[in-house]
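Secondary and tertiary structure notes
As a plain string of letters, each chain reads:
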Amino acid sequence: MKFGVSTFITDRGVRPAPLGTALEDRAFDSLFIAEHSHIPAKRESPYPDGGELPEMYYRTLDPFVALAVIATVTERLLLGTGIALIPQRDPIHTAKEVASLDLVSDGRVVFGVGVGWNREEMRDHGTDPATRGRLTDERLRAMRELWTQEKAEFHGEFVDFDPSYAWPKPVQRPFPPIYVGGGPGGFHRVAELGDAWLADGMPPDELGPLIERMRSVAGREVPVTVYAAPDDPAQVEGYLGLGVERVLFYLPTMPEQETLAYLDRLAELAGRYR
């Protein structure tokens, strides 16, 4: 089982470069970072974890800018979005950002994607929350065309463009792996468009039946990465028993010295299972 970290990179926490260096120095295999473009001050969508929405949600750095910085100071660390909010992203620009990051990192991108939960946020991007699932699927299909075709074109319900040149192409062929986030409502997306399921850090006894259900929908042995996992040895052992491919420990957003100390504890825990 592999071990990485998931976190929010903000203007009040550790900077991207020292974070990336610290992770690679401690033998973590990956970093997945969250994305929110903004958070409307007047919210109707409840925070999924309950209570007030933490400020890290509206202070996040752009994930592709932050990961590009990390790419320049690391050699092996996988660079993941966890997750990129596809209903809020132009597919042509996003395809170029993913391919550009894959190029400058020499093929280390993992494209974690999802539909999001904050309806006010997506409405500000012109997205109807009721159709965000279909929109996500279509934009992912359009991006795959842009990554793989000399002259790409796409004609759909939401995305429509005539034959076009779009470079660079990703280093990874045919394109970086797509890790699909979300619950059972997105299992069809895992089946049709995903290379792995990016599961929330739920307890293993809850995750196990969902893995079986997801793989039944997909009709194949889809790898599973657990996102925002707690640093609980019992849960880590449970994930190991389920055969998950990777555990991403949740790293709170903190200043650099506190972050380094926290990573030392996480690295010690991960070292017991390597």
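Shown above is the structure to which this text applies.
First, a word on scope: everything that follows refers to the structure included in this document.

What counts, and where the lines are drawn
Residues numbered from 1 in each chain as written. Predicted model: local features only at pLDDT ≥ 70, side-chain atom pairs only at ≥ 80, totals over all residues. Heavy atoms only, no water. Helix = DSSP H or I, 4+ residues; strand = E, 2+ residues; numbered from the N terminus. Contact = heavy atoms within 4.5 Å. Areas by Shrake-Rupley, 256 points an atom, 1.4 Å probe, with all protein chains shown as cover. Buried < 20%, exposed > 50% of the residue type's maximum accessible area, 1.4 Å probe, protein only. Polar contact = N/O pair within 3.5 Å; in protein donor to acceptor, adjacent residues only side chain to side chain. Phe/Tyr/Trp six-rings, centres within 6.5 Å; stacked < 30°, edge-to-face > 60°. Lys NZ or Arg CZ within 6 Å of the ring centre and 35° of its normal.

Some thoughts on the overall build of the chain
- When its secondary structure is counted, the chain shows nine helices and 11 strands.
- Projected onto its principal axes, the C-alpha coordinates of the chain cover approximately 50 × 40 × 40 Å.
- For the chain, restricting intrachain contacts to residue pairs at least 6 apart in sequence, the fraction spanning at least 24 positions comes to 71%.
- Surface accessibility of the chain: about 12200 Å² in total, with carbon and sulfur atoms responsible for 50%.

Comments concerning the side chain of T259
- Position of T259 relative to the elements: it lies in helix α9 (residues 256–271).
- Note on T259: relative accessible area 1%, which makes it buried.
- Of note is the side chain of T259, whose polar atom sits 3.0 Å from the backbone oxygen of M254.
- Apart from the residues lying within four places of it in its own chain, the contact partners of T259 are V14, L19, L251 and M254.

A short note on unusual backbone geometry
- Between W167 and P168 the backbone carries a cis peptide bond, its omega angle lying at 5 degrees.
- On the secondary structure map, P168 appears in the loop between β7 (160–164) and β8 (178–181).

Observations concerning the packing of aromatic side chains
- The final tally for this structure, using the stated rule, is 10 aromatic pairs.
- Measuring from ring centre to ring centre gives 6.0 Å for F32 and Y179, while their planes differ by 35 degrees; the resulting arrangement is tilted. Of the two residues, F32 sits in strand β2 (residues 30–33) while Y179 sits in strand β8, which places them 147 residues apart along the sequence.
- On the numbers, 6.3 Å between centres and 50 degrees between planes, the contact of Y47 with W117 is tilted. Remark: W117 occurs in the loop between β5 (109–114) and α4 (119–124) and Y47 occurs in the loop between β2 and α2 (63–73); sequence separation between them is 70 residues.
- Take W117: its relative accessible area is 19%, and that puts it in the buried class.
- By the ring-pair criterion, three or more aromatic residues cluster together here, those being F8, Y47, Y57 and W117.
- One Lys or Arg, K169, reaches over the ring of W167 and ends 5.0 Å from the middle of that ring.
- Stacked on the ring of F28, the Lys or Arg R274 has its end atom at 5.7 Å from the ring centre.

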